[in-house]
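Analysis of the macromolecular model
The lines below spell out each chain.
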Amino acid sequence: MDFPPHIIGKKTEICLHIVLLCVLALHQLRVLRSLSERLPVSGGIDLADTQLRDFRRGLPLLSIALLVFVIFSNIVRRCLGPRLLRYYYAAMGSGFVMYAHGGAAFFPICIASAFYAMCCLVKDSSFAWLFVWTYVVCFLFMSDWYSGWYGVQYWCLPSFAVSGHGIYRWHVGWNLASLRLISFGLDWAEASQGKEFSISEKHTRQCLQCSQRLAHEEKGDTSSAEHADTHSNNGTGMCYSVRQNTPRMLDEYSFIGFIAYVFYIPLYIAGPITTFNAFASHVTHRQSTFSLRYIFTYAVRWCICFSLLEWFLRNYFLWSIVKNAHMRSTMNAGEFAVVGFWLLNALWLKFAVIWRFARFWALVDGVEVIENMTRCMNNNYTIQGFWRNWHRSFNRWLVRYMYIPMGGSSRQFVNVFPIFLFVAAWHDLELKLVKWAVLMAIFIVPETIVTQYFQSEQTAAIRSFSGFRYLKACIATLNITILLIANLVGFGIGDHTGSMLDRVFSMWPVIVYGFVEFFSASCLMMEVRDWEALQESRKKLV
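Residues numbered from 1 in each chain as written. Predicted model: local features only at pLDDT ≥ 70, side-chain atom pairs only at ≥ 80, totals over all residues. Heavy atoms only, no water.

**Quick look at the confidence of the model for the protein**
Note the following rule: Known as pLDDT, the predictor's per-residue confidence is scaled from 0 to 100. Labels follow the DSSP assignment, with helices taken as runs of H or I lasting at least four residues and strands as runs of E lasting at least two, numbered in each case from the N terminus. Working rule for contacts: check all heavy atoms of both residues, and any pair within 4.5 Å makes them a contact.
Residues with a pLDDT of 70 or more make up 84% of the protein, whose mean pLDDT is 85. Taking the mean pLDDT of every element in the protein, the minimum, 54, falls on helix 1 (residues 5–8) and the maximum, 97, on helix 12 (residues 255–262). Contacts from residues 222–234, a stretch scored under 50 in pLDDT, to residues over four places away or in other chains number 25 contacts.

**Considering helix 12**
Our working definition: Any residue under 20% of the maximum accessible area for its type is buried, any over 50% is exposed, and the rest in between are partly exposed; the area is computed with a 1.4 Å probe on protein chains only.
Burial analysis of helix 12 places six of its eight residues in the buried class, which makes it a mostly covered element. Regarding helix 12, the residues found buried are Gly257, Phe258, Ile259, Ala260, Tyr261 and Val262. Residues of helix 12 that are buried in the fold lie against helix 4 (82–101), helix 5 (106–122), helix 8 (174–192), helix 13 (265–268) and helix 14 (276–284).

**Concerning the side chain of glutamate 252**
Definition in use: Any pair of N or O atoms that falls within 3.5 Å is considered a polar contact. Within protein, one atom must be able to donate a hydrogen and the other to accept it, and sequence-neighbouring residues count only if both atoms are side-chain atoms.
Relative to the elements of secondary structure, glutamate 252 occurs in the loop between helix 11 (240–245) and helix 12. Side chain to side chain, glutamate 252 and arginine 248 meet in a polar contact 3.2 Å long. Beyond its immediate sequence surroundings of up to four residues, glutamate 252 is in contact with Arg86, Gly257, Phe276, Ala280 and Thr284.

**Brief notes about the pattern of salt bridges**
Going by this rule: Here, a salt bridge means any Lys or Arg side-chain nitrogen found within 4 Å of an Asp or Glu carboxyl oxygen.
The tally for this structure, following the rule as stated, stands at 15 salt bridges. A salt bridge links arginine 33 to glutamate 37; the shortest N-O distance between them is 3.6 Å. With arginine 33 and glutamate 37 both in helix 2 (residues 11–37), this residue pair falls four residues apart, about one helical turn. Between glutamate 190 and lysine 195 there is a salt bridge, with its nearest N and O atoms 3.4 Å apart. Members of the salt-bridge network, linked through shared partners, are Asp187, Glu190, Lys195 and Arg400.

**As for the layout of surface pockets**
Selection criterion: Points on a 1 Å grid over protein atoms alone make up a cavity when a 1.4 Å probe fits among them but cannot get out, and a pocket when they form an open set with protein on both sides within 12 Å along at least five of seven lines; lining residues each have an atom within 4 Å of a point. Grid points are joined across faces, edges and corners, and a volume is the space filled by probe spheres set on the points. The nonpolar class holds Ala, Val, Leu, Ile, Met, Phe, Trp, Tyr, Cys and Pro. Asp, Glu, Lys and Arg form the charged class, and all remaining residues, Gly among them, are polar.
By volume, the second largest pocket is sized at about 740 Å³. Around the second largest pocket, the lining comprises 32 residues; the ones closest to its centre are Phe341, Asn345, Cys376, Met377 and Asn378. Counting residues per element, the ones that place at least two in the lining of the second largest pocket are helix 2, helix 15 (292–315), helix 18 (333–364), helix 24 (468–492) and helix 26 (508–541). Broken down by element, the residue count for the lining of the second largest pocket peaks at seven residues, all from helix 18. In terms of residue class, the lining of the second largest pocket is made up of 25 nonpolar, six polar and one charged.

**Here we look at the packing of aromatic side chains**
What counts, and what does not: Centres within 6.5 Å make a pair out of two Phe, Tyr or Trp rings, where for Trp the six-membered ring is used; the pair is then stacked when the planes are under 30 degrees apart, edge-to-face when over 60, and tilted otherwise.
Taken as a whole and assessed by the stated rule, the structure comprises 57 aromatic pairs. Residues phenylalanine 69 and tryptophan 361 carry aromatic rings whose centres are separated by 5.9 Å and whose planes lie at 80° to one another, so their mutual orientation is edge-to-face. One end of the pair, phenylalanine 69, is in helix 3 (residues 50–80); the other, tryptophan 361, is in helix 18, and 292 residues separate them in sequence. Tryptophan 361 matches phenylalanine 69 in its accessibility class, with the two residues each being buried.

**Topic: the environment of glutamine 287**
Tracing the chain through its elements places glutamine 287 in the loop between helix 14 and helix 15. When the C-alpha positions of glutamine 287 and alanine 362 are compared, they lie 9.9 Å apart, and in sequence the two are 75 residues distant. Non-local contacts of glutamine 287, meaning those with residues more than four positions away in its chain, are made with Arg243, His282, Ile295, Leu363, Gly366, Val367 and Glu368. Among the polar contacts listed, one links the side chain of glutamine 287 to the backbone nitrogen of phenylalanine 290, at a separation of 2.8 Å.

**Brief notes about a nonpolar patch on the surface**
To keep things clear, this is the line we draw: Within this analysis, patches are made of residues with over 30% relative accessible area and no salt bridge. Like charges are joined at 9 Å or less; nonpolar side chains (Val, Leu, Ile, Met, Phe, Trp, Tyr) at 5 Å or less. Every accessible area reported is derived by Shrake-Rupley at a probe size of 1.4 Å, with residue values counting cover from the shown protein chains alone.
On the surface, a nonpolar cluster with roughly 580 Å² of combined accessible area is contributed by Phe417, Leu421, Leu431, Val434, Val438, Ile442 and Phe443. Secondary-structure elements contributing two or more residues to the nonpolar patch are helix 21 (412–427) and helix 22 (431–454). By residue number, the principal contributor to the nonpolar patch is helix 22, which donates five residues. As for its position among the elements, phenylalanine 417 is in helix 21.

**Focus on the nonpolar core**
Going by this rule: Definition of nonpolar core: a set of buried residues of the types Ala, Val, Leu, Ile, Met, Phe, Trp, Tyr and Cys, connected through side-chain atoms within 4.5 Å.
In terms of nonpolar packing, the biggest core is built from 142 residues, with Tyr89, Phe115, Trp390 and Trp397 touching the most fellow members. Residue contributions to this core peak at 19 residues, all from helix 18. In this view, tryptophan 390 contacts Leu344, Leu347, Trp348, Phe351, Trp355, Asn372, Met373 and Met377; residues no more than four positions away in its chain are not counted. Formed by five residues, the second largest nonpolar core is a distinct cluster that contains Cys207, Cys210, Cys239 and Val242.

**Points about empty space enclosed by the protein**
For the coordinates displayed, the defined rule picks out two cavities of 30 Å³ or more. Counted as a void, the largest cavity has a volume near 50 Å³. Taken together, Arg180, Tyr261, Val262, Tyr264, Leu267, Tyr268, Pro272, Ile273 and Thr274 make up the full set of residues lining the largest cavity. Only helix 12 and helix 13 provide two or more residues apiece to the lining of the largest cavity. In terms of residue class, the lining of the largest cavity is made up of seven nonpolar, one polar and one charged. In this model, the second largest cavity occupies a volume close to 40 Å³. Along its surface, the second largest cavity is lined by Arg86, Glu252, Gly257, Phe276, Phe279, Ala280 and Val283. Top contributing element to the lining of the second largest cavity by residue count: helix 14, with four residues. Here the residues of the lining of the second largest cavity sort into four nonpolar, one polar and two charged.

**Points about the state of the cysteines**
What counts, and what does not: Our working definition of a disulfide is a cysteine sulfur pair at a distance within 2.5 Å.
On inspection of all chains with the given rule, the structure shows zero disulfides. Cysteine cysteine 523 shares no disulfide, and the gap to the nearest cysteine sulfur, in cysteine 474, comes to 7.9 Å. In this structure cysteine 523 comes out as buried when scored by relative accessible area, which is 4%.

The structure is reproduced here in structure tokens:
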């Protein structure tokens, strides 16, 4: 493995950072273990998190469903073609929705069907985007406000719908389905209004897959003749970005194709999120980005992550500790800080296991979806980088359907506030998430300004200064602290974050401890980024 020259010369410092971080991590795990021993849980495993508990219980059934679903979908794809594959997806998806939601499946099916009917009427209008967004957002908030209309007695609602729960309440996962509705409606409007997409030179330079395809074509490689043709909607060899931005043939925006997409089983409950154009492209031409070897390796990695999660749940009872009022009141500042930090790590591991299972299912079915959690939670030192990598598929969705239509980089400081507020409301209608959104939006603006300033030519002399990396690490330490606080408010311990911070910041040894850990981690992360940049540049030269 080759490293940049400056990294080779700093091997001693890098080793010291690694040793220090390992020692601190082991110390924190000992603290967590002692806290867990004070709060024994039934069965010796922490299943206080409802989402994780439901996933573990349903995993055997999901595994069987994966096997059966993929076997039949591949038979249909190979023998009957993409048209009947859409019917297969639509039938299986509708059946799954009815099984999962019981009589309450009436709501998602009716809402989706009415949405398609509306799109048929407004797809050619210049205000199609307004109708799409208004419809979806209204039903998203109404379903959450009325808790899926379960038990609500209205004359217009059939009794079987409001009383039939099934095994999974439909409104809990409707936020993901709502994104698919918006994607379908706006993609159809673009195709209907004749919008075309051409691959830019900048994208070709930056995208490894597209640059390699172009190199094959320039060499006259006949095996690449079947590669992407954006004008004929041929998806073979196209990268995901080109697939999602290339409008499909109008007959692909059918009701069957719509139902197949909205209720696509592998991604229905948990995601990751994919756009309609990309999904329809993969129905016609299965993904060719990832080989069978990659998919097998991906499955092995998932098994390792799941085993690590199981080990963690049996040794550290984080969710039970956080939900226990007595434990929260008796913890000191150091213990509170350790619990908050490792709770976010546990959340990362939980979502990594759930999302990667769903993505694996889609990949073996021939549908490429964007990987969420592309970096470990502890391998991020910027706010923007963290959110690009945490829920990456959602981030790409927001860029396509909100950020760019609202003006893109020319209005980025204005756009960040409505985008983060939408993300908060999309997750749940709770005050703590509004606080999280405001914190993120407020802190991402100065970070962007500082980043752009230090990337300009007028700061070249500062960047060449030998101590600049340590100054950058200090700023990164502040960023990590902000990220931890904001995420604890929104997704960790919510309103209890304030009492935790009061204790932590009243103890200067805890502050010094946190600064040393985050500073050391930031220095190490910057070395990793340099090595990644070198590897990426070498791939493009191959």
